[in-house]
Amino acid sequence: MSQVRQVGLLAAGCQPWNKDVCVANGDRFAYCATLAIYIYQLDHRYNEFKLHAIMSEHKKTITAISWCPHNPDLFASGSTDNFVIIWNVAEQKVIAKLDNTKGTPASLSWCWNADDTVAFASQRGPLFLWTISGPDSGVTVHKEAHSFLSDICIFRWHTQKKGKVVFGHIDGSLSIFQPGSKSQKHVLRPESLEGTDAEDPVTALEWDPLSTDYLLVANLHRGIRLVDSESLCCITTFNFPGAVASVQCLAWVPGAPGMFITGDSQVGVLRVWNVSRATPVDNFKLKKTGFHCLHVLNSPPRKKFSIQSPTKNHYTSSTSEAVPPPTLTQNQAFSVPPGHAVCCFLDGGVGLYDMGAKKWDFLRDLGHVETIFDCKFKPDDPNLLATASFDGTIKVWDINTLTAVYTSPGNEGVIYSLSWAPGDLNCIAGATSRNGAFIWDIKKGKIVQRFNEHGKNGIFCIAWSHKDSKRIATCSGDGYCIIRTVDGKVLHKYKHPAAVFGCDWSQNNSSVRIWDYTKDACINVLRGHTAPVRGLMWNTEIPYLLISGSWDYTIKVWDTREGACLDTVYDHGADVYGLACHPRRPFTMASCSRDSTVRLWSLTPLITPLQINILADRSWEEIIGNTDCAVEQGMPPLLCGKVSRDIKQEVEKLSGNPRVKKLRWFSECLSPPGGSDNLWDLVAVIKGQDDSLLPQNYCKGIMHLKHLITFRTSEAQELTTVKMSKFGGGIGVPTKEERLKEAAEIHLRLGQIRRYCELMVELGEWDKALSVAPGVSVKYWKKLMQRRADQLIQEDKDDVIPYCIATGDVKKLVHFFMSRGQLKEALLVAQAACEGNMQTFHVSTPKGSSYSDDIYKEDFNELLQEACRELAEWYFQDGRAVLAACCHLAVDNIELAMAYLIRGNELELAVCVGTVLGELAGPATHYALELLARKCMMIPMWNLAADLLLMTPDSELQLVKLCAFYPGCIEEINDLHEKCKLPTVEECMQLAETAHADGNIFETIKYYLLSQEPEKALPIGIDFIKGSISSSNWTLDTVYPVLDLLSYVRTEKLLLHTCTEARNELLILCGYVGALLAIRRQYQSIVPALYEYTSQLLKRRKVSVPIKIEHLSEELDAWRACTQSINRSSEESPYTSPSDSQRMVYATLLKRLKEEPLRGIIGPDYVTGSNLPSHSDIHISCFTGLKIQGPVFFLEDGKSTISLNDALMWAKVNPFSPLGTGIRLNPF
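Residues numbered from 1 in each chain as written. Predicted model: local features only at pLDDT ≥ 70, side-chain atom pairs only at ≥ 80, totals over all residues. Heavy atoms only, no water.

A.B. asks: Would you mind going over the overall build of the protein with me for this structure?
C.D. replies: For the protein, the helix and strand inventory stands at 31 helices and 50 strands. The proportion of buried residues among the 1228 residues of the protein is 53%. Sequence separation of 24 or more characterises 51% of the internal contacts of the protein that already satisfy a separation of 6 or more. (Helix = DSSP H or I, 4+ residues; strand = E, 2+ residues; numbered from the N terminus. Buried < 20%, exposed > 50% of the residue type's maximum accessible area, 1.4 Å probe, protein only. Contact = heavy atoms within 4.5 Å.)

A.B. asks: I'm lost on the pairing of strand S38 (residues 459–464) in this one. Help?
C.D. replies: Note on strand geometry: in a regular strand, side chains alternate between the two faces of the sheet. Most of S38 sits inside the fold, with six of its six residues counted as buried. Relative to strand S39 (residues 471–476), S38 is paired through five bridges, and the arrangement is antiparallel. The partner of Ile459 across the bridge, within S39, is Ser476. With antiparallel pairing between neighbouring strands as the criterion, S38 and S39 make up a hairpin whose turn holds six residues. (Pairing = 2+ DSSP bridges.)

A.B. asks: Before we go on, may I ask you to explain the side chain of Asn893 in this structure?
C.D. replies: You can see Asn893 is positioned in the loop between helix H15 (881–889) and helix H16 (894–903). A distance of 3.2 Å separates the side chain of Asn893 from the backbone nitrogen of Leu896, its partner in a polar contact. If we ignore the near neighbours within four places in the chain, the residues touching Asn893 are Gln865 and His888. (Polar contact = N/O pair within 3.5 Å; in protein donor to acceptor, adjacent residues only side chain to side chain.)

A.B. asks: Explanation requested: unusual backbone geometry in the structure shown.
C.D. replies: Only a minority of non-glycine residues have a phi that is not negative, and only a minority of peptide bonds are not trans. In this model, Gly125 is joined to Pro126 through a cis peptide bond whose omega is 0 degrees. Among the structural elements, Pro126 can be located in the loop between strand S11 (117–121) and strand S12 (127–131). Following Ile939, the chain continues to Pro940 via a peptide bond in cis, the omega torsion being -5 degrees. Tracing the backbone shows Pro940 in the loop between helix H18 (922–938) and helix H19 (942–950).

A.B. asks: Even after reading the chapter, I still don't get the packing of aromatic side chains, so can you show me in this structure?
C.D. replies: To describe a pair of aromatic rings, you give the distance between the ring centres and the angle between the ring planes. Considering all chains together, one arrives at 37 aromatic pairs under this definition. Relative to Phe167, the ring of Phe148 lies with its centre 5.1 Å away and its plane at 45 degrees, an arrangement referred to as tilted. Residue Phe148 is located in the loop between strand S13 (138–141) and strand S14 (152–157), and its partner Phe167 is located in strand S15 (residues 165–169); the two are separated by 19 residues in the primary sequence. Between the aromatic rings of Phe876 and Tyr900, the centroid separation amounts to 5.1 Å while the plane-to-plane angle is 65 degrees, which identifies the pairing as edge-to-face. Note that Phe876 is positioned in helix H14 (residues 853–877) and Tyr900 in helix H16, a separation of 24 residues in sequence. Neither Phe876 nor Tyr900 differs from the other in exposure class; each is buried. Members of the aromatic cluster, joined through ring pairs, are Phe29, Tyr31, Tyr38, Tyr40, Phe49 and Phe362. In this structure, Lys287 is placed above the aromatic ring of Phe345, and the distance from its NZ or CZ to the ring centre is 5.4 Å. Over the ring of Trp620 we find Lys662; its NZ or CZ atom is 4.5 Å from the centre of that ring. (Phe/Tyr/Trp six-rings, centres within 6.5 Å; stacked < 30°, edge-to-face > 60°. Lys NZ or Arg CZ within 6 Å of the ring centre and 35° of its normal.)

A.B. asks: Explain the sheet that holds strand S7 (residues 74–79) here, please?
C.D. replies: The strands that make up a sheet pair up through hydrogen bonds in the backbone, lying either parallel or antiparallel. Here we have four strands laid out as an open sheet, ordered S6-S7-S8-S9, and antiparallel in their pairing. Because the sheet does not close on itself, it has two edges, and the strands there are strand S6 (62–67) and strand S9 (93–98). Here the average twist between neighbouring strands, direction ignored, is 20 degrees. Pairing between strand S8 (residues 83–88) and S9: five bridges, direction antiparallel. Bridging from a neighbouring strand, Trp87 pairs with Val94 of S9. (Axes fitted to C-alpha atoms, helices over the stretch in contact; angles between N-to-C directions.)

A.B. asks: What am I meant to see in the packing of helix H4 (residues 659–670) against helix H17 (residues 907–917) here?
C.D. replies: Geometrically, a packed helix pair is captured by the angle between its two axes and the distance between the axes. At a minimum axis separation of 10 Å, H4 and H17 run at an interaxial angle of 150 degrees. The angle between H4 and H17 falls in the class roughly antiparallel. In this structure, H4 crosses over H17, and the sense of that crossing is left-handed. In this structure, H4 uses Arg659, Val660, Leu663 and Ser667 to contact H17, whose residues at the interface are Leu909, Cys912, Thr915 and Val916. Looking at the contact of H4 with H17 residue by residue, the class counts come to five nonpolar, two polar and one charged. (Parallel < 35°, antiparallel > 145°, perpendicular 65-115°, else oblique. Left-handed = near helix turned anticlockwise from the far one by under 90°. Nonpolar A, V, L, I, M, F, W, Y, C, P; charged D, E, K, R; others polar.)

A.B. asks: What is the right way to look at the nonpolar core in this model?
C.D. replies: Generally speaking, a soluble globular protein has its nonpolar side chains buried in company with each other. One finds Leu679, Leu1018, Leu1066, Tyr1091 and Ile1107 to be the most contacted residues of the largest nonpolar core, which totals 170 residues. Once residues within four sequence positions are removed from consideration, Leu1018 is found in contact with Leu1046, Val1049, Leu1054, Cys1059, Ala1062 and Leu1066. Membership of the second largest hydrophobic core comes to 39 residues, among which are Val23, Tyr40, Val89 and Cys293. (Core = buried A, V, L, I, M, F, W, Y, C linked by side-chain atoms within 4.5 Å.)

A.B. asks: Would you mind showing me how to read a nonpolar patch on the surface here?
C.D. replies: A contiguous nonpolar patch, built from Leu705, Leu708 and Ile709 and spanning about 230 Å² of accessible area, is present on the exposed surface. Within the secondary structure, Leu708 is located in helix H6 (residues 705–721). (Patch = residues over 30% accessible without salt bridge, like charges linked within 9 Å, V, L, I, M, F, W, Y side chains within 5 Å. Areas by Shrake-Rupley, 256 points an atom, 1.4 Å probe, with all protein chains shown as cover. Salt bridge = Lys/Arg side-chain N within 4 Å of Asp/Glu carboxyl O.)

A.B. asks: Looking at this structure, I do not really get the side chain of Thr117. What am I missing?
C.D. replies: If you trace the backbone, Thr117 turns up in strand S11. Of note is the side chain of Thr117, whose polar atom sits 3.5 Å from the side chain of Thr131. In contact with Thr117, other than residues within four places in its own chain, are Trp110, Cys111, Leu129, Trp130 and Thr131.

Dropping the structure here:
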């Protein structure tokens, strides 16, 4: 199991270089960064798209991708190194590769008329056809599509007419080929270009899905045309609102005949069109930057909840209400049906836009689109990370939310290196390939200084002195290292015989240290990388820990004392460049790579003994040390950095019991980002801390219930009143209208309807305001109607009529008609009023409500808890167990908060938080301590395990298990017995024999296990369990305590040849009882594996147990049938009802299970990072036969693997390995 855990991923943006870099098919869409393809898949449970996989086999820029129209699991991609690759998304692997394509496959498309043929072409052609498999496999050339006079921009196969294909060229012309018809080359240029050499590239090209001949064409400057490919004539030319607008991309809208959408190239305006109109039906401004490409999903996501409206009458009588059709404006008559557009922008942004609801379902804004060369944490803020990229930008990210908060102006060429200004100066220095160095002021959003001393030579490294903020060092390909002041005055120039790739300031003085290793002794050589090493980083707390990043795509962690590689991380898909840690969070590391991603890692598994020393409240000498002592070989890890020393000093200043503060401070230092700070803030609130001590960013996370309304109201007021600053507020600053809308939505959710209505009025959205105004009062609604009427009268609009009539304001309406000379209408209204047809709106208040306020409060509280559970589960399924726990702490549900931490395997954090929360968290804290003790047994650190167990009340049985499993000599075992307050080994033998004579089975087993002959416990315990399960009314609670105790027999004794039969029977019983426990705990993914494991052991080994294979099969089938509605996804086959016999078997099963003592821990385990795709996802689970995504656990043979989640659940219900060897499983 890898010791370095991936805990965060910053995905790349979509590249702006090539055209066909965004595709969609069914429930998936994909886009290309420069070197990697990102695939998102719809999660049906939450109706949202999640990053599913990253494919990065290409070594040079990807030019195009195309999804197979016949198989949703396959797509093809091409690249500038003349490769075409076929991928299988479901299996996440390459299934075919074509190299040496005789030219760059600049355009690429799957052929619609053949199942396994991909077409591609370079700039001038020809069109190559690659048949991937079958008797005709290989590459052929299209008979007619070659010898073009202008470069190909794009080409499209017809989806219905076999073999028909159209090409768009840079000169604005089209070439059309169809089997059996004459070829048409370079036809249908825009009329204004005919007879000239001017170019107007075809930017988009799509066949009409409802026609065999019609084709939509977009030219960059001459707009969009609908053309007939048979008669070669233009049917419609579409007109834009302004001459400046130009089309970058277009797509038909499936399910809406004649509808299509376009994306502008200068500004991110999405326009909706209908072929029957020459002007747009609607326009949405989505972003400031222009579109690059877009695609409409064939099957838009289904909403999770739907409300069925009652069926209306289809006839009208004198007593029924007539339901007239809605009156539509001209634009509304062409309104787009609910649809989702995948939008990619020129700044790398990628999003999924719901055109019906006019909102983003998903927006991944401003990712880097090229190699990321460097990353650095802000000196005074461990939550901000800056990255420098080949794409010419520096971006600053919030690593808690994984979103960009600032981006540099760009256009700097390649940026190789960056360095933060010291402290809170909020400036970054950048080093470029050809444009020298610069200083970017983040708050002002502009470049404030440039340095050009290296000329046009590339600057490979830049370093801002953190001792003297006026000095910056750079080194370059010209062989110079230059130190200058921030205003550009050169202080020193050092000449090297060759290019200089690195420089840095010493932390102790203001000089630059430049080392020549040939003149000093080399103390160690760390071998293991297979390509040059680009990134190196010492850990600031563990002095011997060195991390290296290489062009061999790996990150390695080294113990430099012995030159040993502690771990190798394979998750990046290309060269690794930058590595960074923040001193205040020294065990969270960021890395960046040519795969265009930034990944976050937790290094805390490397110092597990140290973490547990802190939890067990060991002495400072076992936690903090000095460098000289820590670097001695064989020494356990000790903290030697400034942060740990500062924590120690602060703890020693505290009076009373400092343990709470000590646990929190160390937890914040050791835990990765992603909710741990939020969790501790909530713990502080629950423990009664003064609200004034809460940090400023508390309101940005999950807040406690008692603060939610106050903070959100305040936020809404701020959104309403705050003016835009002169320089803006960073990336994606919302407009005033967007801020007011957001404020209004908050007020509405807070039940502040009147404030919502007033904001809607300010935005001009009167209909929304009036529709909810009665929720304030009828009096307010009437007043609002009158205000609207007054406005409409001023605007001289007929729309005033229904408002006046609805409010009974006859006088106002009559005067309105009269002022316009509509005297007949005025007379008509006046007459109607006289006859009593227009009355003022009245409402009666119901009296004697059947519900009391208390009952309502109870209902609302249950609703709140339900909402919290939903949100927590959403976070948990997204691999964010800490934030899931925050959701429950926010409503004071400590039991479930602790359960989510345990299910996410955040055991150390669970113990810290549980210790601080005290009694209410007691049972869960004790369970977490038991699991941590099992972890210590693996390290192995037996005394530390004993210390943890001694922290729990009634710990005798857990201490017995620990001592029973301890593999030391007699003297060492007796020492551990003494620590655990247990009898000596010799005394245990006597106690076992006495208990056996008395017929006390449990005590007999216990003391035999603690004696010199623990194997004597096996036949006694196994006979007891076999006897119990032979009866028809046995329950899990009668056999599990004995079986669990028995499983702690020392491994070397269990594996003795004389114990073979007992071992086999123990493994079978543990497998079967484990399956029942897994059902009780709802560990659905491992229940079938446990039944299969038990069945295989029964088949292959000679045993005598009262369990039959047929019985196991019957139980498993009954479980599957009776729980299929829970386990199946919405896409699977329809529900089939279980048979009566299956219901009976399952009912008997449930009677045996009883109730789980720790109710909160029911549900599957899911560790942080389980959902993050990586390039090390190559292992196949021996449970499912499928590729494992997320952390992998290797079984004892070193080859077989299961997911870490499955390993954790297995170990909690069955302590023995799935390989049936008798070795205990310890994945904690």
